[in-house]
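# Close look at the chain arrangement
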Amino acid sequence: LEGSEGTCSSSGYLSLGSTNSGASGSGGRLAFSSGSSKDGNSGAVALGSGPSVGGRAGVARVSVGSGTSGLGGSTSLGAGRSTGTTGGGVCVETGEGTATSGGAVYVRTANGGGGGASSQLVFSSGSSKEGNSGALLVGSGAASSGRGGATRLGAGSGTSGSGGGLSLESGRSSTLTGGTLRAGSGEGTTGSGGALRIGTSNAGAGAASGRLVFSAGASTSGNSGSVRVGSGAATGGRGGRASASVGSGTSGLGGALSLLSGRSDVASGGVLSATSGASASASSGIAIISAANAGAGGSSGRLCFSSGSSKAGNSGRLCVGPGPATVGRGGAASVSAGSGTSASGGGLTFAAGRSIASSGGRVLTVGGEGTAASSGLVRITSANGGTAGASGRLAFSSGRAAAGNGGAASLGSGTSTAGRAGVVAVSAGGGTSGSGGSAIAAAGRSAAVSGGAFSVDSGDGTASSSGMLVLGSGNAGATGSSGRLVFSSGTAAGGNSGEVLVGSGSTTGGCGGGVRASVGCSASGGGGPLGWTSGRSGGSSGGWLTVGGGGGASTSSGVLFVSSGNGGAAGLSGQLAFSSGSTCCGNNGQVRAGSAASTAGRGGLVDLCVGSGTSAAGGTGQIRSGRAESRSGGGVHLQAGEGAGMSGGSVVAKSTNGGLGGCSGRLAFSSGSSVSGNSGRCALGSGASTEGGGGRISVSVGSGTSGGGGA
């Protein structure tokens, strides 16, 4: 069937159609079909317009009729079925443009009416019983010298309802892993790869922009899938950045960013790891976690590093530290608070955990171990003070206790197996224009029992001498005095004040250590005085002052030597005064000089002598009793010792021998003169004897070898 040719105008058209139906029937069917074939291919059915040399090629159109009361007619394109091999293909292809663009392909449904929706578009491969179902490919063709065509999937917008949803889902499997869903940008063989952007559209005036959710599906008995966000590796350049950021707000708070690992009902929760990139030949990447800078009237954001709470087990540890180094130096770990230009700097607090039923947690600050050299230094110091302020205070203190003992505070160096133990030094700062800082060590106060003891001990020496203990004030400057040393017990309101004991320790195989109290010498002024005074009493006798030599269990006891220092070239040696104190109403105290009794040997000698002189007279020795205003003066008694089984001791009073050009000293026994009464008697006699003869009294004068005898 052909239309007639038109040599100068259009050719005739060919119309094939069935006639209109009656009132209750259907229009006739039009069927275009090739015949069947038994052994060969069945014939092709070709529908198209002819080519045009100078104009536009004709349109080929297939359409079905519309219905006013029923559904519109359907159009179906179906390829042939095969029982032994692959079914036929359906190809919808636009015309090629050899010099310009190829034709467009539109596959779409018609617009919906006033009360309905536009029809659905379904692009799907058929199902398969035993093999793989067919693939569905949507894409643009390659371009040899231009840009590749864009592929876009978009859902419709809504003016009164929600916009249409867009869903991309891979296939489900009842026995194996479900299908993979991959979104990849285009490769750039000589330039950058294409960008892949997944974002929601901007929100309207009174609403929020859409949510973005990247999540693996749930799992009933296996592990749920992992979610990975990262950039690809680079062989010659820098690895790409991976950045997660939330939106800012102009009138409200900025968006929050939360990273949470998974929760588990029966085992440990998931691990959350933030790690910088490794480097094979240089430094690894920096990991920075910081809050953004604050605005003009606010504070910068808080940083909290904390493990979660625990109901029945231990809460998690918090570890902050650099990794080890095999060849280089270990990295430093620094924790610092912010500085302030108009207010105080930020505080820094290290606090261990609190416990309701057991001891609280410990806080340890430890320098790094040195296996072949010294261990690391631990330094705790406050910063330097400004021009008008003081440096910060350092306080080392244990906490208070409600019912138990307060915690101990220990400061010391560690032990050493082969070297010398470390020094412990506590010193206060010096001052260039003010006084130097004070160093105070005080034991604890008690409201109900004795206060705490304060002990300063030098180190033991198991094989040699123990350590020396030196307490001294610093040297004085050019115009000042050195600092005073005070050893004193505290005052007491109702009881006795504490003792002050100064002594050396006992020894089992050597001599006991000496105890020496001496004052400083002076090059141009007087030497310092040394005073020992016992305590004064307002209602009873004053305290005792006892100075004794050490006892000797098997030999002599120790010597007690009290003397003044030697005099210089133009001065005198110091005076020795042994005197009791004065009294207002009672008797003065006694002064006694004597040796103690002996049970098996001879009583000790008491010798009072004065110094000799090489160019002047020797010193005078005087024994005088006390003077009285209204009564008799005190007596002077010289008495030899009693002999219970033998003779009593002798009393010898004599002057020493005279030299070559002088006389021996005079002996004068005389009573004193009297103003209105009798002068005193001089009595010289021997004692009475109950069974023997009375003692003889002999008065004789010396003989002379070259002169007369004494008168």
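It should be emphasised that the depicted structure is a prediction, and the values quoted were computed from it without experimental measurement. (Residues numbered from 1 in each chain as written. Predicted model: local features only at pLDDT ≥ 70, side-chain atom pairs only at ≥ 80, totals over all residues. Heavy atoms only, no water.)

## Looking at the overall build of the protein
Within the protein, the regular secondary structure consists of 0 helices and 0 strands. A compact globule built from 711 residues would reach a C-alpha radius of gyration of about 27 Å, whereas the protein, at 60 Å, exceeds it by more than 25%. By principal-axis analysis of the C-alpha atoms, the protein measures approximately 205 × 55 × 50 Å. By the burial criterion, 0% of the 711 residues in the protein qualify as buried. For the protein, the accessible surface area stands at approximately 66,700 Å², while carbon and sulfur atoms represent 48% of it. Charge-centre separation for the protein: the mean point of 40 positive side chains lies 14 Å from the mean point of 17 negative side chains. (Helix = DSSP H or I, 4+ residues; strand = E, 2+ residues; numbered from the N terminus. Rg over C-alpha atoms; globule rule 2.2 N^0.38 Å. Buried < 20%, exposed > 50% of the residue type's maximum accessible area, 1.4 Å probe, protein only. Areas by Shrake-Rupley, 256 points an atom, 1.4 Å probe, with all protein chains shown as cover. Lys, Arg positive; Asp, Glu negative; His and termini not counted. Charge placed at Lys NZ, Arg CZ, Asp CG, Glu CD.)

## Points about a nonpolar patch on the surface
A grouping of Val519, Leu530, Trp532, Leu545, Val547, Leu560, Val562, Leu576, Phe578 and Val591 is seen on the molecular surface, where their side chains present a nonpolar patch of about 990 Å² in accessible area. The class of Leu576 is partly exposed, set by a relative accessible area of 43%. (Patch = residues over 30% accessible without salt bridge, like charges linked within 9 Å, V, L, I, M, F, W, Y side chains within 5 Å. Salt bridge = Lys/Arg side-chain N within 4 Å of Asp/Glu carboxyl O.)

## Comments concerning the pattern of salt bridges
Applying the stated criterion across every chain, the model contains 2 salt bridges. Taking the shortest distance from any N to any O, the salt bridge between Asp265 and Arg263 comes out at 2.8 Å. The exposure class assigned to Asp265 is exposed, which follows from its relative accessible area of 63%. A salt bridge links Arg627 to Glu629, with the nearest nitrogen and oxygen atoms 2.6 Å apart. Neither residue differs from the other here; Arg627 and Glu629 are each classed as exposed.

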